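One letter stands for each residue in the lines below.
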Amino acid sequence: MVFESLVSDLLNRFIGDYVENLDKSQLKIGIWGGNVVLENLRVKENALSELDVPFKVKAGQVGKLTLKIPWKNLYSEAVVATLDGLYLLVVPGATIKYDAAKEEKYMHEAKQKELQRIEDTLQMAARRDKTQDEKKDTFAEKMATQVIKNLQVKITSIHVRYEDDVSDPQRPLSMGVTLGELSLQTTDENWKACILNEAAKIIYKLGRLECLCAYWNVHSSMFYRGSWDEIVNKLKAGISTKDQELKENQYIFKPIFASAKICINPNAETELNSPKANLHLEVQNIAFEMTKPQYLTMIDLLESIDCMVKNGPYRKYRPDVPVHRNARHWWMYAINGILEVHIRRFKQMWSWSHIRKHRQTLKAYKLAYKAKLTQGKIKDDAEKQIQDLEKVLDVFNITLVRQQAQMEVIRSGQKPVAKKAAAQKQGGGFFSSFFGKKEGKKKEQEDAKESDSIDELMTAEEKAKLYTAIGYSGSSHNLALPKQYVAVIVTFKLFRTSITVREEPDVPEILKVQMIDLSTTISQRPGAQAIKVEAKLEHWYVTGLKQQGAVPSLIASVGDSTSSLLSILFELNPEESSADQLLRVQSQPVEIIYDALTVNSMAEFFKTEKGVDLEVLTSATLMKLEEIKEKTATGLSHIIETRKILDLRIDLKPSYLLLPKTGFYDKKSDLMILDFGSLQLNSVDQASHQQVSASFSSLEEIMDRAYERYSLELRSVQVLYSKSGDEWERARLQGSSTQHILQPLDFKVQLAKCMVDKDARMPRFKVSASFRCCMLRYRTRRSKGFLTWSPVSPCHRCPPPQAPPQERCLLCP
């Protein structure tokens, strides 16, 4: 059958790019026999090139990859995929000796991958442009469902380690990620492992994640100095999680254990009684811990990566000799690096001989590529010419010339055959009928061609058996789904999360943040192209540095225990609102206590001896291309009509901050209480902006409508000062007492954000604010040399002008 060839091509594509000693002929024989066993595969040195990082693989091995496919009974027996052992040691590229031949080969492979990615992106964009009124149950979906039905996956013993003694030779570091086991198996409705028969309508899957953790070692021993076998053996030994090994590694993520329950109903879209996929994921505990040496080495590593990225273009000129007594070599390295990279290359670009040669190269590549497009299969010397020209040209010029060649072929009336030939070579017309695009064809013609392709590859008996087993029919269609039907539900539950910051591994923590019972639910309604995300956090606690025999509480929940501390709802195309997006945020009050020792210790923790300048990383992250365009009245109207409407409601209950006089809070402390009040942020008149008439009377009216407006209201902001023994909790709720410095104050702010990115005529933001009468009145008196404040009753209406000045409102006229 065709499936053996498909599996062989997939394994060659996804494994062959990363391993060196893959025997493709033996792989195909194993697939046809039903069992594939690959052992001790070496990982390529440039396996991480797609991540665009200045790192290389010093040693890497795939332990054992097993794939069992029951070809004779594919529809009722399990397909088992097992990966036992993946070991990678990654080092900075500067630690590996430069090899010009290898670097050229790796650069060519990376260029080919980038070109393939661009081609795939263009094909996907072309397929998205094709609108379909009906959704067909394709063979690929049905076949994938059948394979998943009894698919069992097990991954064990993963260890990826990075070592670096270049950033700071006096303080070498190593960091890594290890995984004990990741498995996915088929179960019954009681979540017990089994093999589903052909009559089973609902698929149950149970996933398990065991012992996923990450470590960051300072003053670490280096593995990369040993032989290849020694490195792999040390990586294997580092996966175990015994107590003595946990003490050797400084873990920033303690072992994580998780479980997932998946329920799949392939016929759900026809019955509309249950979701098509329901995933429930539970994680018991995620504990993150960081020490001061780890933080300092993280900063050093970021600076080192920044330097390695800068040094990348000059690496080929770097001498392989020490600096001492080799000053001439290093001076020539500096001179040649600057001249070759920055001076001679740019000077050559403007020479007529170079421009003529570049144009001739582009023309030669265009002719060769046009021949490949029109002829499909070309001679070996022509193929070699294309490869040689691609080594000279960069990705931009290759892509540009390919697009020009395709347009010229289409305009000349010729029919490109390269894609068709490639599709037949990779999997035949059968699979190309799903993944390829047939422009200008009707659905009936597509179905007829698909049937012809299947007939060429399979007998009528095999085709009937396959269709019956997977429940596929060439004439079956699914009508448009109802907008209220929920097809996918994903539930995530995290019971406990903690973040700990400490100076050294075995000393009391400076700061510890705990979040308890975090839950998230994601649901999808494909009929309305809608996604709904709900998140809730039940409890949040923050503690500081232990002192005076107690651990101070910095943040604690003090709200109603019957509701969540924080709840967030975000929805695209909501069912109960006319807006395009909906956002709801609600929170309960929290108590924040200032602790001087903890704050000072945290400031000292993040203080470094030298400044940090991550020029390359910062510029790569923050660089954006801003295009300045003139916006006309028509352009503004189009922006208003096509923009997304956000229905925003944020409601934060009043939280407060306690500032103890001594810097450490206890029940007898003198306190300053800052009550932040309740905050409400709502969108204003969003629906009225959705429809905008094209016949406005003036440009000013259009510009006024090009703003999104929000209302911000802050209520009951107040400041109190409480001496030892005063009941500040009661005074805070009363709103007026002798402890008040600032009595409850209300603010109301109107915000307007412009939808136009940059227009000199339109301000980016508009803000207008108003507040109720300040209610702050004062009377001063001298007491033991200190100036004290004595608030009086609220001034709902200011006193008459003859009132004494010391009893008048501070802000009222």
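Residues numbered from 1 in each chain as written. Predicted model: local features only at pLDDT ≥ 70, side-chain atom pairs only at ≥ 80, totals over all residues. Heavy atoms only, no water.

### Here we look at the overall build of the chain
(1) Moving on: Counting its regular elements, the chain contains 21 helices and 24 strands.
(2) Moving on: Looking at the chain as a whole, 38% of its 813 residues are labelled buried.
(3) Moving on: Relative to all contacts within the chain whose residues are 6 or more apart in sequence, the contacts with residues 24 or more apart total 71%.
(4) Moving on: Surface summary for the chain: the accessible area is close to 47,900 Å², and the carbon and sulfur share equals 55%. (Helix = DSSP H or I, 4+ residues; strand = E, 2+ residues; numbered from the N terminus. Buried < 20%, exposed > 50% of the residue type's maximum accessible area, 1.4 Å probe, protein only. Contact = heavy atoms within 4.5 Å. Areas by Shrake-Rupley, 256 points an atom, 1.4 Å probe, with all protein chains shown as cover.)

### Considering the pairing of strand E5 (residues 151-164)
Remark: a regular strand shows side chains that alternate across the two faces of the sheet.
(1) Moving on: Note that strand E3 (residues 79-92) and E5 share eleven bridges and pair parallel. Within the sheet, the bridge partner assigned to Val79 lies in E5 and is Leu151.
(2) Moving on: Pairing between E5 and strand E6 (residues 173-187): eleven bridges, direction antiparallel. Of the residues in E6, the one forming a bridge with His159 is Thr178. (Pairing = 2+ DSSP bridges.)

### A look at the pairing of strand E7 (residues 203-218)
(1) Moving on: Within E7, 13 of the 16 residues are buried, leaving the element largely enclosed by the surrounding structure.
(2) Moving on: Summarising the sheet, E6 and E7 pair through 14 bridges and their orientation is antiparallel. Bridge pairing links Leu173 to Val218 in E7.
(3) Moving on: Note: E7 against strand E8 (residues 251-264), ten bridges, orientation antiparallel. The partner of Arg208 across the bridge, within E8, is Ser259.

### Brief notes about the side chain of Arg315
(1) Moving on: Within the secondary structure, Arg315 is located in the loop between helix H8 (292-311) and helix H9 (327-349).
(2) Moving on: At a separation of 2.6 Å, a polar atom in the side chain of Arg315 contacts the main-chain carbonyl oxygen of Gly93.
(3) Moving on: Beyond its immediate chain neighbours, meaning those up to four positions away, Arg315 contacts Gly93, Ala94, Ile96, Lys97, Tyr98 and Glu103. (Polar contact = N/O pair within 3.5 Å; in protein donor to acceptor, adjacent residues only side chain to side chain.)

### Brief notes about the nonpolar core
(1) Moving on: Among the nonpolar cores identified, the biggest contains 53 residues, and Ile15, Leu38, Tyr162, Trp216 and Leu511 are the most heavily contacted of them.
(2) Moving on: Here this core takes six residues from H8, the largest share from any one element.
(3) Moving on: Once you skip the residues sitting within four places of it in the chain, Ile15 turns out to touch Leu22, Leu38, Leu41 and Leu65.
(4) Moving on: Listed in part, the 14 residues of the second largest apolar core include Leu115, Leu362, Ile378 and Leu389. (Core = buried A, V, L, I, M, F, W, Y, C linked by side-chain atoms within 4.5 Å.)

### Let's talk about the packing of aromatic side chains
(1) Moving on: Evaluated as defined, the whole model comprises ten aromatic pairs.
(2) Moving on: Pairing Phe605 with Phe606 gives two aromatic rings, centres 5.0 Å apart and planes at 75 degrees, and the pair type is edge-to-face.
(3) Moving on: Residue class for Phe606 comes out partly exposed when judged on its relative accessible area of 38%.
(4) Moving on: Cluster of aromatic residues (ring-pair linked, three or more members): Tyr295, Phe605 and Phe606. (Phe/Tyr/Trp six-rings, centres within 6.5 Å; stacked < 30°, edge-to-face > 60°.)

### Observations concerning helix H12 (residues 395-411)
(1) Moving on: Helix length check: H12, at 17 residues, gives a terminal C-alpha distance of 24 Å against a target of 24 Å (1.5 Å per residue), a fit within 8%.
(2) Moving on: One or two positions beyond H12, positive phi appears at Gly413, with a value near 85 degrees. (Expected span 1.5 Å × (residues − 1).)

### Some words on helix H5 (residues 228-237)
(1) Moving on: Here H5 has its buried residues at Trp228, Ile231, Val232 and Leu235. Take H5 and look down its axis: the buried residues cluster within an arc of 95 degrees, on one side only.
(2) Moving on: Against strand E1 (35-42), strand E2 (55-68), E3 and E5 lie the buried residues of H5. (Arc of directions from axis to C-beta.)

### Quick look at the packing of helix H10 (residues 352-375) against helix H11 (residues 380-392)
(1) Moving on: Between H10 and H11, the shortest axis-to-axis distance is 10 Å and the interhelical angle comes to 140 degrees. Here H11 runs oblique to H10, going by the angle between their axes. For the pair H10 and H11, the sense of crossing is left-handed. On the side of H10, the interface is formed by Thr361, Ala364, Tyr365, Ala368, Tyr369 and Lys372, while H11 contributes Glu383, Gln385, Ile386, Leu389 and Glu390.
(2) Moving on: Residue classes in the contact of H10 with H11 are distributed as six nonpolar, two polar and three charged. (Axes fitted to C-alpha atoms, helices over the stretch in contact; angles between N-to-C directions. Parallel < 35°, antiparallel > 145°, perpendicular 65-115°, else oblique. Left-handed = near helix turned anticlockwise from the far one by under 90°. Nonpolar A, V, L, I, M, F, W, Y, C, P; charged D, E, K, R; others polar.)

### Comments concerning the confidence of the model for the chain
(1) Moving on: Scored by pLDDT, the chain has a mean of 77; 72% of the residues are at 70 or more.
(2) Moving on: Contacts from residues 418-454, a stretch scored under 50 in pLDDT, to residues over four places away or in other chains number 42 contacts.
(3) Moving on: This stretch, residues 773-813, has a pLDDT under 50; its non-local contacts, to residues over four places away or in other chains, come to 68 contacts. (pLDDT = per-residue confidence, 0-100.)

### Observations concerning a nonpolar patch on the surface
(1) Moving on: Taken together, the side chains of Trp331, Met332 and Ile335 define a hydrophobic patch exposed on the protein surface, amounting to about 340 Å² of accessible area.
(2) Moving on: Along the chain, Ile335 falls in helix H9.
(3) Moving on: The class for Ile335 is partly exposed, based on a relative accessible area of 42%. (Patch = residues over 30% accessible without salt bridge, like charges linked within 9 Å, V, L, I, M, F, W, Y side chains within 5 Å. Salt bridge = Lys/Arg side-chain N within 4 Å of Asp/Glu carboxyl O.)

### Focus on the packing of H10 against H12
(1) Moving on: At a minimum axis distance of 9 Å, the contact between H10 and H12 shows a crossing angle of 50 degrees. Between H10 and H12, the angle falls in the class oblique. H10 and H12 meet at a crossing whose hand is right-handed. Only Asn397, Ile398, Val401, Arg402, Gln404, Ala405, Gln406, Glu408 and Val409 of H12 make contact with H10, whose side of the interface consists of His358, Leu362, Tyr365, Lys366, Tyr369, Lys370, Leu373 and Thr374.
(2) Moving on: When grouped by side-chain class, the residues that make up the contact of H10 with H12 number eight nonpolar, five polar and four charged.

### Quick word on the side chain of Ser183
(1) Moving on: Its location among the elements puts Ser183 in strand E6.
(2) Moving on: Residue Ser183 is classed as buried on the basis of its relative accessible area, which comes to 13%.
(3) Moving on: Other than its neighbours up to four places away in sequence, Ser183 contacts Val153, Lys154, Leu206, Gly207 and Arg208.

### Structural notes on the environment of Arg705
(1) Moving on: Relative to the helices and strands, Arg705 resides in helix H20 (residues 699-705).
(2) Moving on: A sequence separation of 50 residues divides Arg705 from Met755, and the C-alpha atoms of the two residues are 9.4 Å apart.

### Comments concerning the environment of Ile262
(1) Moving on: You can see Ile262 is positioned in strand E8.
(2) Moving on: Using a relative accessible area of 22% as the deciding quantity, one classes Ile262 as partly exposed.
(3) Moving on: The spacing of Ile262 and Thr186 is 76 residues in sequence and 9.5 Å in space, taken between C-alpha atoms.

### Thoughts on unusual backbone geometry
(1) Moving on: Residues other than glycine seldom take positive phi values, yet Cys211 does so here, at roughly 55 degrees.
(2) Moving on: With phi around 50 degrees, Gln529 is a residue other than glycine that occupies positive phi space.
(3) Moving on: In this structure, Gln529 sits in the loop between strand E12 (509-525) and strand E13 (530-543).

### Examining the environment of Met175
(1) Moving on: Tracing the backbone shows Met175 in strand E6.
(2) Moving on: Met175 sits in the partly exposed class, given a relative accessible area of 24%.
(3) Moving on: In this structure the C-alpha to C-alpha distance between Met175 and Arg161, which are 14 residues apart in sequence, comes to 5.7 Å.
(4) Moving on: In this view, Met175 contacts Val160, Arg161, Tyr162, Tyr215, Trp216 and Leu301; residues no more than four positions away in its chain are not counted.

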